[in-house]
Amino acid sequence: MEENLTKTCLHDRHVALGALMSPFGGFDMPIQYKGITEEHNAVRHEVGVFDVSHMGEVRVKGTDAYKFVSHIFVNDVTGAPDGQIFYGMMCYDNGGTVDDLLVYKVNDDEYFLVINASNIAKDVEWIKSHAEGYDVEIEDQSPYYGEVAIQGPKAEETMEKVLGIPVQDIAFYNFKTFQLDGEEVIISRTGYTGEDGFEVYGSHDFTRRVWDKLMEAGVQPCGLGCRDTLRFEVGLPLYGDELSADITPLEASLSMFVKLDKPEFIGKEALALQKAEGVKRRIVGIELEGNAIPRHGYPVEIEGRQVGEITTGYRSISTGKSVAMAMIEKPYDKLGTKVEVRIRKKTFPGTVVKKRFYDKNYKK
């Protein structure tokens, strides 16, 4: 194991279960238990549980909390009811992405931000560096929270029957705060799999108790391997692949989360200009013929000239097709465009398709 990797509060559980462990975002994380395909299918067809305690949590409180969150976040939280969740990005002045995140609205004076594990230190520093002049307190609560994600068509049933937590009336992209085992626990109807599911935030002790109950009930533990195959199939981005400091949300084909009609926010000018001029490249889907598997960084070519590169690629478990997301130059991003993917010394024919390869199954 690499030196100075952080262990989550469930690390000993993963080791005891014989999980394949690997570094991810500075943490020692489980990649798989039984196998990626089996875990992937458990989530698509029944239920699985992930340790996502490596994610970061930041609480923003104060009389200017709404104004401040609006200033650093590209989506629009105006007029939202308490308990609603928003997906979006924080951007640099040049439009590049600091991180993609979830913003939980507790109330007008309090928001709960969930950020990516690999970006915690950078994000917290960036958020704090823009708080001058705002009446807000910013607290990095990442060390306190453990988090599990219970995902799949049987997620609601599992939450209610195994954990005894009533979640039926939590709508998609909403959350509730519960008093459980003498502490405040946040439960949201969110996930990263394209299936119905819940994310549960609590203390390390609470998280261990939840995990143990799920294991006793026979719920399939799932590693980061199938978390990636699941999110990829439904077209969800991964920071570092489809989003980065060098990739704007518009180039990532995520413009629906960028509300350019709201007042000033960091990166608005650059993004508005990019929209007006039109992006020069963007993330698309590619379907390859045959069985070759495209991987991150592989060149995408047309008539021998590179016009882009693969950001994520797999043999899709749910569809059986070789598919990828790729950053492609315009005008080669149009649906139906014929391309070739270079895998070592050979090229394999492919076609530009929609980047959602499998339909999401969220609760309506």
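What comes next is a walk through the structure. (Residues numbered from 1 in each chain as written. Predicted model: local features only at pLDDT ≥ 70, side-chain atom pairs only at ≥ 80, totals over all residues. Heavy atoms only, no water.)

Comments concerning the environment of Gln274
Mapped onto the elements, Gln274 comes out in helix α8 (residues 268-277). Other than its neighbours up to four places away in sequence, Gln274 contacts Thr248, Leu250, Glu251 and Val279. A distance of 2.6 Å separates a polar atom in the side chain of Gln274 from a polar atom in the side chain of Thr248. (Helix = DSSP H or I, 4+ residues; strand = E, 2+ residues; numbered from the N terminus. Contact = heavy atoms within 4.5 Å. Polar contact = N/O pair within 3.5 Å; in protein donor to acceptor, adjacent residues only side chain to side chain.)

Some details on the sheet that holds strand β8 (residues 137-140)
On the basis of which strands lie adjacent, the open sheet formed by five strands has the order β5-β6-β7-β4-β8 and antiparallel pairing. Both edges of this open sheet fall to β5 (85-91) and β8, since each of them pairs with a single strand only. Along the sheet, successive strands turn relative to each other by an average axial angle of 25°, direction set aside. Note: strand β4 (residues 56-61) against β8, four bridges, orientation antiparallel. (Pairing = 2+ DSSP bridges. Axes fitted to C-alpha atoms, helices over the stretch in contact; angles between N-to-C directions.)

As for the packing of aromatic side chains
The full count for this structure, using the stated rule, is 14 aromatic pairs. Judged by centre distance (5.0 Å) and plane angle (50°), the ring pair of Tyr104 and Phe175 falls under tilted. Here the residue Tyr104 occupies a position in strand β6 (residues 97-107), and Phe175 occupies one in strand β10 (residues 175-180), the gap between them amounting to 71 residues. Grouping residues by exposure puts Tyr104 and Phe175 together as buried. (Phe/Tyr/Trp six-rings, centres within 6.5 Å; stacked < 30°, edge-to-face > 60°. Buried < 20%, exposed > 50% of the residue type's maximum accessible area, 1.4 Å probe, protein only.)

Some details on the pairing of β10
Pairing analysis gives six bridges linking β10 to strand β11 (residues 183-188), with the strands arranged antiparallel. Opposite Lys176, over in β11, you have Ile187 as the bridge partner.

What to know about the sheet that holds strand β16 (residues 305-315)
In spatial order, the strands read β14-β17-β16-β15-β18-β19; together these six strands close into a barrel with antiparallel pairing. Put simply, the sheet's adjacent strands are angled 45° from each other on average, direction ignored. Strands β16 and β17 (322-329) of the sheet are contacted by helix α7 (residues 224-233), whose axis makes an angle of about 120° with β16.

Describing the environment of Val353
Within the secondary structure layout, Val353 lies in strand β19 (residues 346-353). Overall, Val353 belongs to the partly exposed group, its relative accessible area being 22%. Counting along the chain gives 207 residues from Val353 to Gly146, while the straight-line C-alpha distance between them is 38 Å. Among all residues touching Val353, those that are not within four sequence positions of it are Val284, Gly285, Ile286, Glu287 and Leu335.

Considerations on the state of the cysteines
Taken as a whole and judged by the stated rule, the model has zero disulfides. Cysteine Cys9 remains unbridged, with the sulfur of Cys222 as its closest cysteine sulfur at 17 Å. Of the cysteine sulfurs around Cys226, a residue in no disulfide, the closest is that of Cys222, at 4.2 Å. (Disulfide = S-S within 2.5 Å.)

Comments concerning the environment of Tyr298
Structurally, the position occupied by Tyr298 is in the loop between β14 (281-288) and β15 (299-302). According to the relative accessible area criterion, Tyr298 is buried, its value standing at 19%. Residues Tyr298 and Arg344 lie 46 residues apart in sequence; the distance between their C-alpha atoms is 8.3 Å. When neighbours within four sequence positions are excluded, Tyr298 is seen to be in contact with Ile293, Gly308, Glu309, Ile310, Val341, Arg342, Ile343 and Arg344. A distance of 3.5 Å separates a polar atom in the side chain of Tyr298 from a polar atom in the side chain of Arg344.

What to know about the nonpolar core
By size, the foremost hydrophobic cluster in this structure holds 38 residues, and its most contacted members are Phe50, Met89 and Tyr104. Listed by contribution, the elements that provide at least two residues to this core are β5, β6, β7 (110-115), α7 and β17. For this core, the element with the most residues is β5, which contributes four residues. Excluding residues that lie within four positions of it along the chain, Tyr104 makes contacts with Gln84, Ile85, Glu110, Tyr111, Phe112, Val114, Phe175, Ile186, Ser188, Thr190, Glu199 and Tyr201. (Core = buried A, V, L, I, M, F, W, Y, C linked by side-chain atoms within 4.5 Å.)

Description of helix α6 (residues 204-216)
For α6, with 13 residues, the first-to-last C-alpha span of 18 Å sits near the 18 Å given by 1.5 Å per residue. Among the residues of α6, those classed as buried are Phe206, Thr207, Val210, Trp211 and Leu214. Viewed end-on, α6 has its buried residues packed into an arc of 135°, placing them on one side of the element. Once α6 ends, the next one or two residues include Gly218, with phi positive near 85°. (Expected span 1.5 Å × (residues − 1). Arc of directions from axis to C-beta.)

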